[in-house]
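# Examination of the molecular architecture
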Amino acid sequence: MPRLSFGSWVEDAVDWLQSNLTWIFDFIKTVLGGMYDGVNAVLGGGEPLLVAGIFAVIAFWLRGVIPAVATFAGFALIDSLALWDEAMATLSLVVVAALITIVIAVPTGIWAARNSRVSAALRPVLDVMQTMPAFVYLIPGVMFFGVGVTPGVIATIVFAMPPGVRMTELGIRQVDSELVEAAEAFGTSPKHTLTRVQLPLALPTIMAGINQVIMLALSMVVIGGMAGAGGLGEKVYAAITQLQVGLAAESGIAVVILAMYLDRMTGALNERVSPLGRRAAAKVAAGARRLKFTHYKPGTAVAMTGVVVLALVAGGLNIAGSSDSKAAQADASNVGQGQKINMGYIPWDEGIASTYLWKEILEQRGYETGITQLDAGPLYSGVARGDIDFQTDSWLPTTHKDYWDKYSDQLEDLGAWYGPTSLELTVPSYVKGIDSLEDLKGQGKKFDGKIIGIESSAGMMGTLNKKVLKEYGLEGEYKVVSSSTSSMLAELNASIKKKEPVVVTLWSPHWAYGKHDLKKLKDPKGAWGKGEEVHTVAHKGFAEKAPAVAKWLKDFKLTEKQLTSLENEIQGAGQGKEQDGVRNWLKKNSGVVDKLAPVPGGAGGSQQGKDAGKTVNMGYFPWDEAIASTYLWQNMLEDRGYKTTVKQLDPGPLYTGLAQGQLDVQFDSWLPTTHKDYWNRYKENLVDLGSWYGPTSLELTVPSYVKGIDSLEDLKGQGKKFDGKIIGIESSAGMMGTLNKKVLKEYGLEGEYKVVSSSTSSMLAELNRSIKKKEPVVVTLWSPHWAYGQHDLKKLEDPKGAWGKGEQIHTVAKKDFAKDFPELTGWLKDFKLSEAQLASLEVEIQKGGAGKEKESARRWMDANPDVVAKLTPVGS
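Residues numbered from 1 in each chain as written. Predicted model: local features only at pLDDT ≥ 70, side-chain atom pairs only at ≥ 80, totals over all residues. Heavy atoms only, no water.

### A short note on the overall build of the chain
Looking only at helices and strands, the chain features 37 helices and 20 strands. The buried share among the 876 residues of the chain stands at 50%. Within the chain, contacts between residues separated by at least 24 positions form 80% of all contacts whose residues are at least 6 apart in sequence. For the chain, the accessible area works out to roughly 40,200 Å², and carbon and sulfur atoms hold 56% of it. (Helix = DSSP H or I, 4+ residues; strand = E, 2+ residues; numbered from the N terminus. Buried < 20%, exposed > 50% of the residue type's maximum accessible area, 1.4 Å probe, protein only. Contact = heavy atoms within 4.5 Å. Areas by Shrake-Rupley, 256 points an atom, 1.4 Å probe, with all protein chains shown as cover.)

Take a look at the structure:
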């Protein structure tokens, strides 16, 4: 039989869907993510014990006193295990997935029950959905929706759908046909026959189907955890991959409590909504002779009142807690200002250590962090899609070569932080005569013909199978057992306890070499290749999203001693306490945080200036370099403990305000030409603190596609081409006076051209509009200006020097400024920005958009932390 390439067809179909229907997947992800976030905000937002009380009231309403007490005890146990947030996340996922499944399954089951052809068509589809390994659903889920909640919800819906459809169909088909015929005989419409006869009688069976939907949804939590859905699934998955028996037991108990609660409550709900169920419950209550109070169930109104009261109390406490938290956050000096950074890691020791190290560092710097444990494939896919910002455990160029080759166009390598590493096969030291890979040949029986490996997806496993075994003639004699890192270590540990021979895959550095007496088998033929580097890899655009973090990661380095000691500290802290281990390590290695994540102003970024507390009133007119420099200084001064105010004014009112002392300083005086009139008028009441940028230039500019216009001389006789207009800026600007009084006259352009006074923004808008239409336009512009980076423009040459010489941009303050702000005066006199610095600052502000100038300047400062320390030095 010829090879049927079914798998390749599926991959081609997936590639086509990814290329052409991304907008649909993004929409679905947004909707499902929003639903999950909403439910999780409700379930996880209140005080745990009060929410547990709400669950207990619902149990009291549906089942009675004893189940209510057991419910409260169960959820209190989850809280005491420090798994409340994870449990509520899991419950939220189950609720969302179950609701969507029920909304689809019940109508589909009704349709199948009333139409035999539909039933026949659905049966094989449901068979596939129910028997296909659930892991298979995660593959397209991750590819289409990335890692996170959405693929978990999708996989859960598909897996849980069949019993809902089948039980609904079964329930309706089992309704006595004579009852249906009787209803029809009395003239009941098909719609009313369904709603008044079939559905009420089929409700117990339908509710049993809904119960199964919910149980199957809950059974998917671990699989969802593998796709980054979080919750208890992630905890169980972490326990499995890291062989943490205690964490597995605790997480498993939490899952069992949720399962029992959902099972009992959905089962009891049938008694409330089904006539048959209510009748059966009434018989049980009537037959009870002893302990009648245990069978008491409050009315719906009473139960609802209890739920509402507890919900209001929980919500009120949550609001109060949030206010306190926000107040604390506002008082704290931080760089991240709450920005969310998502990290992922493979459960390898250096990955765990470096990830939790950066989690702690980023949180100390004011960022909010999220961490997801994944296998290598989903991790690289998640980073490539941008669902995960970065991961710190890329072994390149060998181990993770396949993933890098597949996703390199969507990834950014932030550099190696550790290396070189080495891959090796290792045996315990008591295994005599095995010191090299060559010594393994002919010794297969000693090791039961097995080499204990790690995850099959790891690149070193491919190298071992394809190269190392072949190079040393070990093929056929040894079978490489794929497992997981934790399973490999468990097998190594068990063999050492029994003094049995074992050969395992391992790498350096690894804490196992410190715990056990092991031998690295020599590789005289170099089959493993050269040592690798451990890299930090982020998604494309991460440096723009979080420039400070990207810079820190590019400079990130750990020595072997630092890494191994960090790993051992985390091992000592125990399961689920990785961040505690990191904190203990940081206490023993003071200064590491400031070295790895430097911030403006030195340690903590909160060094105060000598005049901290004083208020500096700054003014600016809306020119780009003025906006950039003003908001840069506002951020820096606030970092140094000053208070600031910022006002936007035209040049005339701004200079007047400075001269009268209503404003303290402004950073955009173009001298000696553009602002000459203002300086001459007010100079007795002003002080020039010096130039921070220059020389500048004023010019007329045209798009590069305007041919034959390269000089101011070329404009003469070409007025019709430009509709007789030169697009200017504010009429109050000095360059507008120079243009009208000198430039036009010098080049004989008077009468032919009219200078249109507008505003800087209007001039730029006209330039942008003309370029889009490829129309000729001539505008006033100056250097430096970000427009030269955004558009392909020509500065018209000025052979006659009509514009005058280039100017300097000065800082100008009120007359008594040095007396009022001696420290700041010193800083401003030394203030300098290069053309590259100013241009990049202006570009960052343009990207941030109107109204976010301060935040944009802050991002630029984060990416250039040394600038702040240089411009505003404090201390000795």
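### Points about the packing of aromatic side chains
A ring pair, where both rings are aromatic, is described by two values, the distance of the centres and the angle of the planes. Evaluated as defined, the whole model comprises 26 aromatic pairs. Where Phe621 meets Trp623, the ring centres are 4.9 Å apart and the plane angle is 80°; that geometry is what we call edge-to-face. This pair shows no difference in class: Phe621 is buried, exactly as Trp623 is. Consider the rings of Phe667 and Phe831, whose centres lie 6.5 Å apart with planes at 85°: the pair is edge-to-face. Separated by 164 residues along the polypeptide, Phe667 in strand S13 (residues 665–671) and Phe831 in the loop between helix H34 (822–829) and helix H35 (835–848) bring together distant segments of the chain. Owing to a relative accessible area of 2%, Phe667 belongs among the buried residues under this scheme. Phe831 gets classed as buried once you look at its relative accessible area, which sits at 0%. (Phe/Tyr/Trp six-rings, centres within 6.5 Å; stacked < 30°, edge-to-face > 60°.)

### Here we look at the environment of Val687
As for its position among the elements, Val687 is in strand S14 (residues 686–693). Remark: the alpha-carbon pair of Val687 and Lys815, spanning 128 residues in sequence, is separated by 5.3 Å.

### Regarding the environment of Ile100
Considering the arrangement of structural elements, one finds Ile100 in helix H5 (residues 84–114). Using a relative accessible area of 17% as the deciding quantity, one classes Ile100 as buried. When the C-alpha positions of Ile100 and Ile154 are compared, they lie 9.8 Å apart, and in sequence the two are 54 residues distant. Leaving out residues up to four positions away in the same chain, Ile100 has contacts with Leu32, Met35 and Ile157.

### Concerning the nonpolar core
Leu357, Trp358, Phe390 and Phe542 are the most contacted members of the largest nonpolar core, which totals 87 residues. At 7 residues, helix H16 (residues 349–364) tops the list of elements feeding residues into this core. Among all residues touching Trp358, those that are not within four sequence positions of it are Met343, Phe390, Thr392, Trp552, Leu553, Phe556 and Leu596. In this structure, Leu632, Trp670, Leu749 and Trp786 belong to the second largest nonpolar core, which totals 86 residues. (Core = buried A, V, L, I, M, F, W, Y, C linked by side-chain atoms within 4.5 Å.)

### Remarks on the side chain of Glu730
Relative to the helices and strands, Glu730 is located in the loop between strand S16 (725–727) and helix H30 (734–746). Summary of buried charges: Glu730 has no salt-bridge partner, and the nearest side chain of opposite charge, Lys741, is 16 Å away. One polar contact links Glu730 to Thr760, side chain to side chain, over a distance of 3.1 Å. Setting aside its immediate chain neighbours within four residues, Glu730 contacts Pro622, Trp623, Met736, Ser758, Ser759 and Thr760. (Lys, Arg positive; Asp, Glu negative; His and termini not counted. Salt bridge = Lys/Arg side-chain N within 4 Å of Asp/Glu carboxyl O. Polar contact = N/O pair within 3.5 Å; in protein donor to acceptor, adjacent residues only side chain to side chain.)

### A few points about the pairing of strand S2 (residues 368–373)
The buried fraction of S2 is high, at 5 of 6 residues. Note that strand S1 (residues 340–345) and S2 share 6 bridges and pair parallel. Of the residues in S2, the one forming a bridge with Met343 is Ile371. (Pairing = 2+ DSSP bridges.)

### Focus on helix H3 (residues 48–62)
Under the 1.5 Å per step criterion, the end-to-end length of H3 is 21 Å for 15 residues, consistent within 8% with the ideal 21 Å. In terms of burial, H3 is largely enclosed, as 12 of its 15 residues are buried. Looking only at H3, the buried set comprises Pro48, Leu50, Val51, Ala52, Gly53, Ile54, Phe55, Ala56, Val57, Ala59, Trp61 and Leu62. Positive phi appears at Gly64, one or two residues downstream of H3, with a value of about 120°. (Expected span 1.5 Å × (residues − 1).)

### Some words on the pairing of strand S18 (residues 779–783)
Most of S18 is tucked away, with 5 of its 5 residues classed as buried. Where strand S15 (residues 697–703) and S18 come together, 5 bridges link them in antiparallel fashion. Bridging from a neighbouring strand, Glu699 pairs with Leu781 of S18.

### Focus on helix H6 (residues 116–131)
Two residues of an α-helix separated by three or four positions point the same way, owing to the 3.6 residues in each turn. Taking 1.5 Å per residue as the helical rise, H6 with its 16 residues ought to reach 22 Å, and the 23 Å between its terminal C-alpha atoms agrees with that figure. At Leu122, H6 is bent by approximately 30°, the largest bend along its length, and proline Pro124 sits one to four residues beyond. Of all the residues in H6, the buried ones are Val118, Ser119, Leu122, Leu126 and Met129. The N-capping residue of H6, defined by a side-chain oxygen 3.0 Å from the backbone nitrogen of Arg117, is Asn115. (Bend = angle between axes of the 7 residues up to and from the residue.)

### Quick look at a negative patch on the surface
On the surface, a cluster of negative charge is made up of Asp176, Glu178, Glu181 and Glu184. For Asp176, the position within the fold is in the loop between helix H8 (149–173) and helix H9 (177–185). When its relative accessible area of 39% is taken as the criterion, Asp176 is described as partly exposed. (Patch = residues over 30% accessible without salt bridge, like charges linked within 9 Å, V, L, I, M, F, W, Y side chains within 5 Å. Charge placed at Lys NZ, Arg CZ, Asp CG, Glu CD.)

### Digging into the environment of Phe667
Phe667 sits 38 residues away from Ser629 along the chain, and the two C-alpha atoms are 6.6 Å apart. Those residues within four positions of Phe667 in sequence are excluded, and the remaining contacts are Met618, Ser629, Thr630, Trp633, Trp692, Ile809, His810, Thr811, Leu828 and Phe831.

### A few points about a nonpolar patch on the surface
Residues Phe27, Val31 and Met35 make up a contiguous nonpolar surface patch of roughly 270 Å² in combined accessible area. With respect to the helices, strands and loops of the structure, Met35 is situated in helix H2 (residues 22–44). Look at Met35 and you get partly exposed, because its relative accessible area is 33%.

### Brief notes about the side chain of Ser394
One can find Ser394 in strand S3 (residues 390–396). Among the polar contacts listed, one links the side chain of Ser394 to the side chain of Gln391, at a separation of 2.7 Å. Apart from the residues lying within four places of it in its own chain, the contact partners of Ser394 are Tyr380, His400, Glu533, Val534, His535 and Val537.

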